Amino acid sequence: MNNVVSLNIFRFIILALTQVLICNHINFLGYINPYIYILFIILYPLKNNRMLFIFLSFLLGLTVDLFLDSGGINAAAALSIAYARPVILKFSFGMQYEHQTMKLNAVEFGSKFTYIAIMTILHHIILFSLEIFSASRILLVLQKTLFSSIFTIILCLLLSVIFSRENK
Amino acid sequence: MQQIINFIIRNKTFLLFLLLFSISILFTIQSHSYHKSKFINSANFLTGGVYNSINNISSYFNLKSQNQQLAEENNRLRMVLYGSESKKDSVYFDSIQFTSLYKFTPANIIKNSYSSTNNLLTLNKGAKDSIKQDFGVISSKGIIGIIDRTSNGYATVISVLNTTSQISAQLKKTNHFGTLTWNSESPELVQLIDIPKIAPVQVGDTIVTSGRSSIFPKNVLIGVIEDFKLDQAENFYEINVRLFNDMTNLEHVYVIQNIDKPEITKLLDE
């Protein structure tokens with residue numbers, strides 16, 4: 001139990017710092033940045049205190065906002081995917097999730113990909129619509145969402161594969 | 001009463017979500033209006049400190065290009081110094097001319113940003129270096145932005161690459177002035193609007209600050225005209241201006257304080 005808590009605290013700090021110090025300075029093709037801090041929300045333990053989880057996601061988003069001078073856009077986006085996570089989990093993993101028997105690092109690749117992709121796209125849509133904040137520029141929102149999502153999904157899958165421990 | 005408490009307990013997650021979501025929307029809306037982002041800005045002790053220590057390392061990476069830029073500026077200033085023969089043999093008779101209207105403070109950019117729609121930069125100088133809101137920021141090549149918020153040791157700058165930024169600018173060869181805005185499409189191009197149709201605009205003309213806003217002195221360089229067209233009403237030009245500054249590679253900047261600004265604002269308020 002203690003191990004899980006310290007692991008998540010460690011993940012929180014490392015992901016927030018990596019996000020603001022490295023990932024937001026990539027600017028691939030001028031504007032494409034990955035938002036890898038949502039890995040914290042994606043990989044958070046499934047059996048959790050939901051209130052605490054939602055609050056921690058909000059705090060993580062707000063920390064990133066603090067560094068990026070972006071108001072509350074990351075906080076709102078992170079909070080929303082944390083709130084919607086049970087629904088997305090049920091959609092991607094079906095019965096396996098409802099029976100409470102699954103572990104996130106021991107599921108088949110297809111459903112894991114669906115799960116990460118839906119979480120990322122939802123996060124990015126909220127993030128960019130709040131950042132641009134104008135209905136007349138919806139094409140720019142969709143364009144940014146599409147390209148940044150591809151980048152984020154690839155990085156999240158790679159990171160979750162590299163850092164997953166083989167629990168037999 | 002029992003019912004209400006039951007309702008709150010039943011929906012406590014949703015209510016917490018709603019509460020936190022409205023807080024974040026509030027912060028977002030605040031950050032969209034000028035000078036209102038009170039809590040969430042990177043000029044505080046924690047974020048400024050982290051950026052400063054990282055900048056101590058990362059500033060080595062572009063040392064060469066920054067040195068080059070400073071050497072070019074030195075070269076230009078030296079040419080001005082030795083080129084002005086006319087004033088060499090005369091003495092200032094009016095001692096008022098000695099005191100400059102503007103005070104310059106050198107600073108370093110510790111966080112640059114150019115890819116979002118509202119870009120803010122962070123400087124490593126703040127209130128203890130007597131930097132305040134609405135001071136101008138320039139580099140050796142041209143305009144950068146305006147100071148937004150300051151903490152003790154750090155300050156945030158509203159970059160010209162910010163959709164809320166509006167800076168008064170004019171053509172260098174005539175005095176037709178307009179407003180400098182940004183449409184968030186490219187970090188190299190900004191838009192100059194409200195230049196009257198009668199102005200003789202040509203591709204390649206230089207755009208400078210107009211000195212009307214009491215933030216920037218007159219004739220600070222901005223960029224050259226890339227292309228231009230008339231707006232929908234066909235009364236004003238919309239001009240794309242290519243910036244002299246490479247906004248993606250900034251390090252050494254100068255903060256400008258207008259000594260007379262309190263006097264000017266007092267006059268305007270009356």
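These numbers come from a predicted model, not from an experiment.

### A closer look at the sheet that holds strand 3 (residues 136-138) of chain B
The six strands are arranged 1-2-5-4-3-12 (chain B) in a closed barrel whose pairing can be described as antiparallel. Here the strands of the sheet are splayed against their neighbours by 45° on average, with no regard to which way each runs.

### Considerations on the sheet that holds strand 9 (residues 206-209) of chain B
Here six strands make up a closed barrel; going around it, the order is 6-7-8-11-10-9 (chain B) and the pairing antiparallel. On average, adjacent strands in this sheet sit at an angle of 40° to one another, irrespective of strand direction.

### Brief notes about the confidence of the model for chain A
Mean pLDDT over chain A works out to 85, with 95% of the residues at or above the 70 mark. Per-element confidence in chain A ranges from a low mean pLDDT of 73 for helix 5 (residues 95-98) of chain A to a high of 90 for helix 4 (residues 73-93) of chain A.

### Digging into empty space enclosed by the protein
Under the counting rule described, the total for this entry stands at three cavities of 30 Å³ or more. Roughly 420 Å³ of internal volume is contained in the largest cavity. Every residue lining the largest cavity is counted, 30 residues in all, and those nearest its centre are Asn24, Leu68 and Ser70 of chain A together with Ser113 and Ser116 of chain B. Elements with a minimum of two residues in the lining of the largest cavity: helix 4, helix 6 (109-132) and helix 7 (138-162) of chain A together with helix 2 (12-32) and strand 2 (118-123) of chain B.

### Comments concerning the environment of Gly211 of chain B
All names here are of chain B. With respect to the helices and strands, Gly211 occurs in the loop between strand 9 and strand 10 (221-230). Distance from Gly211 to Ala169, taken between C-alpha atoms, is 7.9 Å for residues 42 residues apart in sequence. Contacts of Gly211, omitting those with residues within four sequence positions, involve Phe216, Pro217 and Lys218.

### Some remarks on the pattern of salt bridges
Residue and element names in this part refer to chain B. With the rule as written, the count across this model stands at six salt bridges over all chains. Asp205 serves as the salt-bridge partner of Lys173, at 3.1 Å between the closest nitrogen and oxygen. One end of the pair, Lys173, is in the loop between strand 6 (167-171) and strand 7 (177-181); the other, Asp205, is in the loop between strand 8 (189-196) and strand 9, and 32 residues separate them in sequence. Owing to a relative accessible area of 13%, Asp205 belongs among the buried residues under this scheme. The partner of Lys229 in a salt bridge is Glu238, with the nearest N and O atoms 3.2 Å apart. Overall, Glu238 belongs to the partly exposed group, its relative accessible area being 34%. One continuous salt-bridge network, built from bridges that share partners, spans Glu188, Glu226 and Arg242.

### A few points about the nonpolar core
Core analysis: the biggest nonpolar cluster contains 50 residues, and Tyr37, Phe40, Ile41, Phe93, Met102, Tyr115 and Met119 of chain A have the highest contact counts within it. Contributions of two or more residues to this core are made by helix 1 (2-21), helix 2 (39-43), helix 3 (50-68), helix 4, helix 6 and helix 7 of chain A. Aside from chain neighbours lying at most four places away, what touches Ile41 of chain A is Phe53, Ser57, Ala78, Ile81, Ala82, Arg85, Tyr115 and Met119 of chain A. The next biggest cluster of nonpolar side chains, apart from the first, holds 42 residues, and it includes Ile131, Ile147, Met247 and Leu250 of chain B.

### Things to note about the layout of surface pockets
Of the pockets and cavities examined, the second largest pocket occupies roughly 480 Å³. Take the lining of the second largest pocket: its biggest share by element is six residues, from helix 4 (residues 63-83) of chain B.

Conventions and cut-offs
Residues numbered from 1 in each chain as written. Chains lettered and ligands numbered in written order. Predicted model: local features only at pLDDT ≥ 70, side-chain atom pairs only at ≥ 80, totals over all residues. Heavy atoms only, no water. Pairing = 2+ DSSP bridges. Helix = DSSP H or I, 4+ residues; strand = E, 2+ residues; numbered from the N terminus. Axes fitted to C-alpha atoms, helices over the stretch in contact; angles between N-to-C directions. pLDDT = per-residue confidence, 0-100. 1 Å grid on protein atoms, 1.4 Å probe; cavity = no way out; pocket = protein on both sides within 12 Å on 5 of 7 lines; lining within 4 Å. Points joined across faces, edges and corners; volume = space filled by probe spheres on them. Contact = heavy atoms within 4.5 Å. Salt bridge = Lys/Arg side-chain N within 4 Å of Asp/Glu carboxyl O. Buried < 20%, exposed > 50% of the residue type's maximum accessible area, 1.4 Å probe, protein only. Core = buried A, V, L, I, M, F, W, Y, C linked by side-chain atoms within 4.5 Å.

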